[in-house]
Amino acid sequence: MAASSRTVSRSSSRQEIKLTKHSTGQSSKPVDYVYFDRTTTGFSDDAAPRAKAAQLKLEHYYKVAVDAAIERNTRFSPLARLASFATDE
């Protein structure tokens, strides 16, 4: 069976979207798989450093939140075992 391929692309100033359709059913990707070619061509000069700063702030926030949750759970675990032991008697 011959594989036919059709590519539809739409360009904007910030990204290019390509929609590729394959008629073969053996592909691991879905039929309407979308590829994003990301570029920074439409952004100002200070946009990349500001985006990186925002990324680092978010990563730090979630790291602190996850670390606090882990610490809270480790502190809670012995108390939960103690409470269940006290109610079993």
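Scoring rules and cut-offs
Residues numbered from 1 in each chain as written. Predicted model: local features only at pLDDT ≥ 70, side-chain atom pairs only at ≥ 80, totals over all residues. Heavy atoms only, no water. Helix = DSSP H or I, 4+ residues; strand = E, 2+ residues; numbered from the N terminus. Buried < 20%, exposed > 50% of the residue type's maximum accessible area, 1.4 Å probe, protein only. Contact = heavy atoms within 4.5 Å. Salt bridge = Lys/Arg side-chain N within 4 Å of Asp/Glu carboxyl O. Phe/Tyr/Trp six-rings, centres within 6.5 Å; stacked < 30°, edge-to-face > 60°. Patch = residues over 30% accessible without salt bridge, like charges linked within 9 Å, V, L, I, M, F, W, Y side chains within 5 Å. Areas by Shrake-Rupley, 256 points an atom, 1.4 Å probe, with all protein chains shown as cover. pLDDT = per-residue confidence, 0-100.

**Quick look at the overall build of the protein**
Each helix and strand counted, the protein has one helix and three strands in total. A total of 89 residues make up the protein; the buried ones form 3% of that total. Within the protein, contacts between residues separated by at least 24 positions form 8% of all contacts whose residues are at least 6 apart in sequence.

**Quick word on the pattern of salt bridges**
Counting across every chain of the model gives three salt bridges. One salt bridge in this structure joins aspartate 67 and lysine 63, with 2.9 Å as the shortest N-O distance. Of this pair, aspartate 67 and lysine 63 are both found in helix α1 (residues 47–88), four residues apart, which corresponds to roughly one turn of the helix. By relative accessible area, which is 38% here, aspartate 67 ends up partly exposed. Between glutamate 71 and arginine 75 there is a salt bridge, with its nearest N and O atoms 3.9 Å apart. Linking glutamate 71 with arginine 75, this pair stays in helix α1, spanning four residues, or about one helical turn. Accessibility expressed as a relative area gives 46% for glutamate 71, which makes it partly exposed.

**As for the packing of aromatic side chains**
Inspection of every chain in the model, using the stated rule, returns two aromatic pairs. Arranged with centres 4.8 Å apart and planes meeting at 70°, the rings of tyrosine 33 and tyrosine 35 form a pair that is edge-to-face. Among the residues examined, tyrosine 35 registers a relative accessible area of 35% and is labelled partly exposed. Relative to tyrosine 62, the ring of tyrosine 61 lies with its centre 5.1 Å away and its plane at 80°, an arrangement referred to as edge-to-face. Across the pair, tyrosine 62 and tyrosine 61 agree in class, each one exposed.

**Some thoughts on a nonpolar patch on the surface**
Together, Leu58, Tyr61 and Tyr62 make up an exposed nonpolar region whose accessible area comes to about 370 Å². Residue position: tyrosine 61 is located in helix α1.

**Concerning the confidence of the model for the protein**
Confidence in the prediction for the protein averages 75 pLDDT; 63% of positions are at 70 or higher. Confidence scores differ between elements of the protein, with strand β1 (residues 5–11) showing the lowest mean pLDDT of 47 and α1 the highest of 88. Segment residues 1–15: pLDDT under 50, and 30 contacts once partners within four positions in sequence are set aside and those in other chains are kept.

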